[in-house]
Amino acid sequence: MSKYNKSTAPYSRPTAAIRNKHQDLFNRYDFSKRIAESISARKDESSIVIGINAEWGDGKTSVLNLINQNLRGKPNIVRLKFNPWRFGSEEEILANFFNDLANALDASLKDNKDLIREMLDKINPLVKALEKLQPAAGAFGNVIMSGTKLLFPKKELEEVRDKVEHLLEEEKIRVVVLIDDIDRLEKNEIHAVFRLVRLTADFKYTAYILAYDKQIVTSALADKFGHTDSLSGETFIDKIIQVPLELPKVIEHDLHQYLLDEIDELLTFFDINLPAADADDFYFHITDSLSPFITSPSQIKLYANTLTFSTPIIVKDVNMRDLMLIEGIRIFVPELYDFIKSNRNQFLFPGSAGSFTTNKDMAELNENWKTKIDGHLKKISAPEPAKLLKLIMTLFPQIETLYGSKQYDLSSATSWADHKRICSSECFDRYFSYAITEGDVSDLTIDQLINDIMGKSFAGGEYADWFDKKITASNISVLFYKLRRRVYKFDQDQLEKLPVSLARLSQVLKAKHTDRKLGTAYWGAFHFISDCLENLDHNKRLPTATKVISEASSLEFAFEWLNSFKGRVRQTHHPELMSKEEVDQLNQLMTDQILLAHPEIDQKPDGTLSESERLFKEFVKETPV
C-alpha cells in the first residue's frame, strides 16, 4: 500500500541528500563515521585537508551530511559548512569565509567573545565593501593573491589570521570546514576555493573536507593555467589535498534493490498491476540488459522522477511495460534511445517492409539494417551487446526477422496495436511525445465514449459538443479505424446500440466531412456500422439497420450508408448477412424517409433508377450538400 495520498499530492520519491543513518541505503554511514572519528580523535595541532572524490550523483553530499552529523556534540569541535555557491567572485569567497568562520566560533564558544568580536569588526567592513570594491592600481604586495582584485590589505589579513590561530590554540578546539559541490562551480570559482584552502590550511587546529569530482576539477584548473591536459590541474590539487579518498562505489545489489523499490512504490501509488509476463520481462531487462549502465543512485532517482511525470499523462494509451523499458533506455543508455527515436520506420518496418522490392533487394536491405544496429550497439560500448539486442527485440519483435527465420504477419501488427505496444505504428510516437498526436485519438477517449453511450439513454445531440471538441477532420478516420478494430470484442448489446448512436450523431459528422476522395468521415462510419451488423446475431440485424436509417440525424448519411451496406451484402463471403427481401425493406424505408422529409420532390419514376436512388438524386439536387 502506498503511503502517499493520491488525492492531495502527486507521487514523489525523495531526491535530497540523506542526513542520518536511518536514511542510508548504500552503506555510506560507516565510511562517514570513520572520517569523523579520525578528525575528532586527532591530537596533532597541525591542519589537515581531506579530499573525497566521486562522480556527480554518487552521494558526496550525503557523505558530508553524515560526517557533519557524526561530529555534532563532539567536544572541542566547531563545524562550518561553507557554501561557495553563494558568492560569485574570488574576493567574495575569501571575505565571506572568514566572516562565516568568525560567526561559527561566536556561536560555539562561551569565552573569548571579545576576541571574536574584534575579528568580526575587522571582517564585516571588508565584506560590505566588496559591493563597492573597484580594481585598484598599486603594488602587487597590497594584493593577497595574484590574479585577484584588491581585497584584504596584507596587514588586515594577517591580523585576522593571527587572531584565529590564537583563539583556536587557546581554546584547544578544532574547526572542521566542509565544502561541497566544488565541481559545480565556474572555473574561476573552483580555482578560488582551492586557493582559499591553500591560504588558510596552515592554521593550527583546522581540518578541511572537500567533496568534488576530480576529473571535472582538474580539467577546470588546467584550463585556468592555460594547459590542454589535466596534469597541471592534478598537480595543483595534489599539493593541497593531504588525504585523498575515493567514495566507495555502491554495491550492485543495493543499487538494484533501490531501483526495484522505486518502481514498486510508483506502481503501487498509481495502482498499476502488470501482467505476470510483462512484470517478468521488465525485471529481466532492468536487472540484466540495462544493469551495466546503472551506476549511481542519482540515475535511479532521475528514472523514477521521469516515470512519475510520464505515467499519469500517457498510461492509458501505452503498454506500461514498454513505457518503463523505453524510459529506462532513455535514462541509462541515451545513445540507444536517440537511435531508436530517429529510426522510427526501420524499427517498425525492418529493411524494406511495406515497400515493393524483390526478395534479393529485401535481403540486402535487411542485412544493411542489421549491420547498422550491430554497429550502433558496438559504438555505445555495450558491455554485452547481446543483452541490449534482446531488449530491442522485446520492444520491437519485428527486429527478430533480421536475425533469424521468424516472421510476423498482419495479425501480429493487430495484436501489437491492441496492446498499445511501442512496436505498433499506431502507438510508437506516443512513447516519445507523451501525448496523442494531432492526427490520433486517445484510446481512453474511445473507451469513455463507448462506456457513456452504453451507460445511459443516448439522446440525439447529447454528444455533439463532446464530438465537436474531441474529433477533428484530421483524426476522425483514426477514430473509426480504431472502433472497427474493437468490433470483435463488442458484446451483442454494444453491437446493437453503437451503430444507432452513431447514426444519431451523423449531423455532427457532416461537419467533419471533407472533400477527400478516400478516407472521409462518412466512409469510416459506414464501415463501422456495417461491421457491427455483420457481427450481430442475424435476427437483430434488420431491426438495428432499420433504426440506423430512421433515427439518423442526417438523411444524406443514412442514404449513403445504405448504399455502402448493400455493396457489402453483394460482395461479402457471407451471403446470409442479409437477404434480398430484407434489403428491399431497407430500400423502402429509405424512400419513405426521403418523402417524409421532402414531400415536394417529384415522385414520378424515370425508369432508370430505383425509387429510393431516384428520389435521393432529386433530393441532392434540391438540397446541395
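Keep in mind that what you see is a predicted model, and the values were worked out from it rather than measured. (Residues numbered from 1 in each chain as written. Predicted model: local features only at pLDDT ≥ 70, side-chain atom pairs only at ≥ 80, totals over all residues. Heavy atoms only, no water.)

### Overview of unusual backbone geometry
Point 1. Non-glycine residue Asp-181 carries a positive phi angle of around 60°.
Point 2. Tracing the backbone through its elements, the reader meets Asp-181 in the loop between strand S3 (174-179) and helix H6 (187-200).
Point 3. Here Asp-271, not a glycine, exhibits a phi torsion of approximately 55°, which is positive.
Point 4. Tracing the backbone through its elements, the reader meets Asp-271 in the loop between helix H9 (252-269) and helix H10 (276-289).
Point 5. Given a relative accessible area of 57%, Asp-271 falls into the exposed group. (Helix = DSSP H or I, 4+ residues; strand = E, 2+ residues; numbered from the N terminus. Buried < 20%, exposed > 50% of the residue type's maximum accessible area, 1.4 Å probe, protein only.)

### Points about the confidence of the model for the protein
Predicted coordinates in regions of low pLDDT should not be interpreted in detail.
Point 1. Model confidence for the protein is summarised by a mean pLDDT of 78, while 73% of its residues fall at 70 or above.
Point 2. Here residues 129-151 scores under 50 on pLDDT; set against residues more than four positions off or in separate chains, the count is 32 contacts.
Point 3. Low confidence marks residues 352-357, where pLDDT is under 50. Its contacts with residues over four positions away, or in another chain, come to six contacts. (pLDDT = per-residue confidence, 0-100. Contact = heavy atoms within 4.5 Å.)

### Some thoughts on the packing of aromatic side chains
Point 1. Per the counting criterion, the structure on display carries 16 aromatic pairs.
Point 2. Ring geometry for Phe-428 and Phe-432: centres 4.7 Å apart, planes at 35°, overall tilted.
Point 3. Residue class for Phe-428 comes out buried when judged on its relative accessible area of 2%.
Point 4. For Phe-432, a relative accessible area of 12% puts it in the buried group.
Point 5. Through successive ring pairs, a cluster of aromatic residues spans Tyr-337, Phe-339, Phe-347, Trp-369, Phe-396, Phe-428 and Phe-432.
Point 6. Cation over ring: Arg-330 sits above Tyr-337, and NZ or CZ is 5.9 Å from the ring centre. (Phe/Tyr/Trp six-rings, centres within 6.5 Å; stacked < 30°, edge-to-face > 60°. Lys NZ or Arg CZ within 6 Å of the ring centre and 35° of its normal.)

### Some points on the environment of Leu-199
Point 1. The residue Leu-199 is located in helix H6 in this model.
Point 2. Assessed through its relative accessible area of 16%, Leu-199 is described here as buried.
Point 3. Expressed as a C-alpha distance, the spacing of Leu-199 and Ile-240, which sit 41 residues apart in the sequence, is 9.9 Å.

### Here's the deal with the pattern of salt bridges
Point 1. According to the stated counting rule, one finds 19 salt bridges in the structure shown.
Point 2. As a salt-bridge pair, Arg-42 and Asp-44 come within 3.8 Å of each other at their nearest N and O atoms.
Point 3. Among the charged side chains, a salt-bridge network with shared partners connects Asp-278, Asp-281, Arg-321, Asp-322 and Arg-421. (Salt bridge = Lys/Arg side-chain N within 4 Å of Asp/Glu carboxyl O.)

### Details of the side chain of Asn-343
Point 1. Relative to the assigned elements, Asn-343 resides in the loop between helix H13 (334-341) and helix H14 (344-348).
Point 2. Looking at Asn-343, its side chain comes within polar contact range of the main-chain oxygen of Phe-339, at 2.7 Å.
Point 3. Residues in contact with Asn-343, not counting those within four places in the same chain, are Trp-369 and Lys-372. (Polar contact = N/O pair within 3.5 Å; in protein donor to acceptor, adjacent residues only side chain to side chain.)

### Structural notes on helix H26 (residues 538-551)
Point 1. Over its 14 residues, H26 extends 21 Å from the first C-alpha to the last, a length consistent with the 20 Å expected when each residue adds 1.5 Å.
Point 2. Looking only at H26, the buried set comprises Arg-541, Leu-542, Thr-544, Ala-545, Val-548 and Ile-549. (Expected span 1.5 Å × (residues − 1).)

### Focus: the pairing of strand S1 (residues 48-53)
Point 1. The buried count for S1 comes to six of six residues, which makes it a mostly enclosed element.
Point 2. A two-sided burial pattern is seen for S1, the buried positions comprising Ile-48, Ile-50 and Ile-52 on one face and Val-49, Gly-51 and Asn-53 on the other.
Point 3. Looking at chain direction, S1 and strand S4 (residues 206-212) are connected through six bridges and run parallel. For Asn-53, the partnering residue across the bridge sits in S4 and is Tyr-212.
Point 4. Of the pairings in the sheet, the one linking S1 to strand S5 (residues 243-246) comprises four bridges and is parallel in character. Pairing of Ile-50 across the sheet is with Val-243, part of S5. (Pairing = 2+ DSSP bridges.)

### Some details on the state of the cysteines
Point 1. Evaluation of the coordinates by the stated rule reveals zero disulfides.
Point 2. No disulfide involves Cys-423; its sulfur sits 8.5 Å from the nearest other cysteine sulfur, which is in Cys-427.
Point 3. Judged by its relative accessible area of 3%, Cys-423 is buried.
Point 4. Judged by its relative accessible area of 1%, Cys-427 falls in the buried class. (Disulfide = S-S within 2.5 Å.)

### Looking at the nonpolar core
Point 1. Among the nonpolar cores identified, the biggest contains 55 residues, and Tyr-303, Leu-336 and Phe-396 are the most heavily contacted of them.
Point 2. Counting residues per element, this core draws most heavily on helix H12 (residues 320-332), which supplies eight residues.
Point 3. Setting aside residues up to four positions removed in sequence, Tyr-303 forms contacts with Leu-259, Ile-263, Phe-282, Ile-286, Met-324, Glu-327, Gly-328, Ile-331 and Phe-332.
Point 4. Among the nonpolar cores identified, the runner-up in size contains 45 residues, and Phe-526, Val-569, Leu-589 and Met-590 belong to it. (Core = buried A, V, L, I, M, F, W, Y, C linked by side-chain atoms within 4.5 Å.)

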